[in-house]
Amino acid sequence: MKTSSPHEVIDLLQTMSLRDRTAIWLMPVSMMGKEADAAARYNIDAIDIREKLIATLPEDTRYLGLSYQKIISLLDEICCQSHYSECILVYNFDLLIAKLSHQDRTNVWTHLFGSFPHRQHALLIAMPEEAYHLLP
């Protein structure tokens, strides 16, 4: 479903009427790097998924071992943690998903928009508007 503004999407995600409360925000390049500021304007939490991933790694890790299962697990953990707002802006997601194969990217999107129901918090995934090759 397309909406005309991030505010409308956030309002919709914060209702409990949706089974899968996940959306993509195609951000202009001028907003990239300022995602936390944008989230503050909309009164929602923001999480840099890169930092979340790095925090889960053992101390002397040299390789991420990134897979679609690991990304789904990170997102599930984000949804289940205690946050101030009902909706969470997840940014730098494009950097992780770009490392996956086409099939793994498809698996991530399929899972998020079809098999990620009734989570405690809604996800608003920030993606650069030019990153069409990474989208579902």
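See the structure shown above.
Residues numbered from 1 in each chain as written. Predicted model: local features only at pLDDT ≥ 70, side-chain atom pairs only at ≥ 80, totals over all residues. Heavy atoms only, no water.

Caption draft 1: Main features of the overall build of the chain. Secondary structure summary: the chain contains six helices and four strands in total. Listing the helices and strands of the chain from first to last along the sequence gives α-β-α-β-α-α-β-α-α-β. A compact globule built from 136 residues should have a C-alpha radius of gyration of about 14 Å, and the chain, at 14 Å, falls within 12% of that. Overall, the chain is about 40 × 30 × 30 Å in size when its C-alpha atoms are taken along their principal axes. Going through the 136 residues of the chain one by one, you find that 41% of them count as buried. Residue pairs in contact within the chain that sit at least 24 positions apart in sequence constitute 78% of those at least 6 positions apart. (Helix = DSSP H or I, 4+ residues; strand = E, 2+ residues; numbered from the N terminus. Rg over C-alpha atoms; globule rule 2.2 N^0.38 Å. Buried < 20%, exposed > 50% of the residue type's maximum accessible area, 1.4 Å probe, protein only. Contact = heavy atoms within 4.5 Å.)

Caption draft 2: Representation of the sheet that holds strand β3 (residues 87–91). Read from one edge of the open sheet, four strands run β1-β4-β3-β2, paired in parallel fashion. Both outer strands of the open sheet, β1 (22–27) and β2 (45–48), are each paired with one neighbouring strand and no more. Each neighbouring strand pair of the sheet contributes to a mean axis angle of 30°, computed without reference to strand direction. Direction of pairing for β2 relative to β3: parallel, over a ladder of four bridges. When the sheet's bridge partners are listed, D48 is paired in β3 with Y91. Relative to the sheet, helix α3 (residues 49–56) contacts β2 and β3, its axis offset from that of β2 by approximately 55°. Lying over the sheet, helix α4 (residues 68–80) contacts β2, β3 and β4 (122–128), oriented at roughly 130° with respect to β4. (Pairing = 2+ DSSP bridges. Axes fitted to C-alpha atoms, helices over the stretch in contact; angles between N-to-C directions.)

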